[in-house]
Amino acid sequence: MRIDVVTIFPGYFDALELSLMGKARDRGLIDLRVHDLRESANDKHRTVDDTPTGGGAGMVMKPEPWAQALDGILADSVGAEPGESDEPLIIFPSPAGEVFTQAMARELASEAHLVFGCGRYEGIDQRVFDEYGERGRVRLVSIGDYVLNGGEVASIAMIEAIGRLLPGVVGNPDSLVEESHEDGLLEYPSYTKPAEWRGRRVPDVLLSGNHAAINAWRHEQSLERTRRVRPDLLDD
Ligand SMILES: CN1CCN(Cc2ccc(Cn3ccc4ccc(-c5n[nH]c(N)c5C#N)cc43)cc2)CC1
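Every value quoted in this text rests on a predicted model; they were computed, and no experiment measured them.

Caption draft 1: The arrangement of the layout of surface pockets in detail. The computed volume of the largest pocket comes to approximately 450 Å³. As for the largest pocket, its lining consists of 24 residues, and the residues nearest its centre are P93, S94, P95, E122 and G123. Contributing elements (two or more residues each) for the lining of the largest pocket: β5 (89-99), α4 (126-135) and β7 (137-142). Here the element with the most residues in the lining of the largest pocket is β5; it accounts for four residues. Residues belonging to the lining of the largest pocket are distributed by class as follows: 13 nonpolar, nine polar and two charged. If you add up the space inside the second largest pocket, you get close to 250 Å³. Considering the residues around the second largest pocket, the lining is formed by F100, T101, Q102, A103, R106, S180, H181, G184, R230 and L233. A class-by-class count of the residues in the lining of the second largest pocket yields three nonpolar, five polar and two charged. For the lining of the second largest pocket, the domains that each give at least three residues are domain 1 (2-164) and domain 2 (180-233).

Caption draft 2: Fine view of the packing of helix α2 (residues 63-76) against α4. Contact geometry of α2 with α4 gives a least axis separation of 10 Å together with a crossing angle of 25 degrees. On the basis of the axis angle, α2 is roughly parallel to α4. Judged by the sense of rotation from one axis to the other, the crossing of α2 with α4 is right-handed. Residues P63, W66, A67, L70, D71 and L74 of α2 form the contact with α4, whose own contacting residues are R127, V128, Y132 and R135. Across the contact of α2 with α4, the residue classes break down as seven nonpolar, no polar and three charged.

Caption draft 3: Focus on the pattern of salt bridges. What the rule picks out here adds up to 16 salt bridges. The partner of D76 in a salt bridge is R2, with the nearest N and O atoms 2.9 Å apart. With D76 in helix α2 and R2 in strand β1 (residues 2-7), the pair connects residues that are 74 residues apart, well separated along the chain. D31 is paired through a salt bridge with R33; the nearest N and O atoms lie 2.6 Å apart. The structure contains a network of salt bridges with shared partners spanning R2, D4, D31, R33 and D76.

Caption draft 4: Structural view of the side chain of H113. Structurally, the position occupied by H113 is in strand β6 (residues 113-117). Its relative accessible area of 5% is what places H113 among the buried residues. There is a polar contact of 3.3 Å between the side chain of H113 and the side chain of R2. In this structure H113 touches R2, D4, I73, S77, P88 and L89, once residues within four positions along its chain are discounted.

Caption draft 5: How the structure looks around the domain arrangement of the protein. Segmentation of the protein into domains returns domain 1 (2-164) and domain 2 (180-233). Its C-alpha centre places domain 1 at a distance of 37 Å from the equivalent point of domain 2.

Cut-off values and rules
- Residues numbered from 1 in each chain as written.
- Predicted model: local features only at pLDDT ≥ 70, side-chain atom pairs only at ≥ 80, totals over all residues.
- Heavy atoms only, no water.
- 1 Å grid on protein atoms, 1.4 Å probe; cavity = no way out; pocket = protein on both sides within 12 Å on 5 of 7 lines; lining within 4 Å.
- Points joined across faces, edges and corners; volume = space filled by probe spheres on them.
- Helix = DSSP H or I, 4+ residues; strand = E, 2+ residues; numbered from the N terminus.
- Nonpolar A, V, L, I, M, F, W, Y, C, P; charged D, E, K, R; others polar.
- Domains from an automatic or database assignment.
- Axes fitted to C-alpha atoms, helices over the stretch in contact; angles between N-to-C directions.
- Parallel < 35°, antiparallel > 145°, perpendicular 65-115°, else oblique.
- Left-handed = near helix turned anticlockwise from the far one by under 90°.
- Contact = heavy atoms within 4.5 Å.
- Salt bridge = Lys/Arg side-chain N within 4 Å of Asp/Glu carboxyl O.
- Buried < 20%, exposed > 50% of the residue type's maximum accessible area, 1.4 Å probe, protein only.
- Polar contact = N/O pair within 3.5 Å; in protein donor to acceptor, adjacent residues only side chain to side chain.

Dropping the structure here:
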C-alpha cells in the first residue's frame, strides 16, 4: 500500500519509522511518502493560511497550496492491482468527519493508495473538499468526539490501525482476530507469568489446559466487559 501524507509538520510522522510500521516500510509492505505543504506554497513566505472570509477567529488553510500538493500526488499515482480501487482515496481528518472504526480500518486496508490531508489552524477551505470530492474519492474522518489541533495525530492513528491489518505486517495474524472491536466486543483480560503476583493469582481456568473452557471463559469475559464499559456495542 502506498500512503501519502500532506502536512505542515512532517516531523510528526517520524513516529511511523518506529516499531511495526517502520519494519513494514523497510520490507516494502507500506510505501509512506510525507509531503511538506509549505513546499507547495509559491509565495516568498510560503503562506498556507489566511483569515476566514466572513470573519471569525483563527485562520483557514488556503486552497492553492493544497491543490498543488494533491495534484502532484494524484498525477504520480499508478494503477492499482486487480481487485484494488483505482483512484487514490483522499482522507481529510476532521472533527466534522465520520467516526473512524475498526470496520473502516478493515475497509481501507484494501485500498492500493491512500492520501491523508492534514489540516491545521481552523481547518481547510471547503472548496478543496468540493474540488477533490467531485474529481475523485474524498472522506472526512474523525477519530473521536474531542478537538485536536490538527490532522497529524489522527492520521498517524488511522495509518497504524490500517497498516497493522495489511498481510505480513503483524507477525501472527491470529492476534488480529481476538482484539477489541474485531468481533464487535471488547477484548478479554490477558495474563502472563508469574501465576501469582502480589497475592493476585491468574484465573485457574487459564492454568487448566482445558482450551474449550478457556475459550468459553474468555468469551464470557469479553461479553461482561462490553456490557459494563460499552453497552452501545451490543445494540442491534
Ligand atoms: C469556524 N469554526 C472553525 C472550526 N472550529 C472547530 C475546529 C476545527 C479544527 C480544529 C483544529 N484542526 C484543524 C485541522 C484538523 C483536523 C482534525 C482535527 C480533529 N480534532 N478532533 C478530531 N477527532 C480530529 C480528527 N480527525 C482537528 C483539526 C480546531 C477547531 C469551530 C469554528
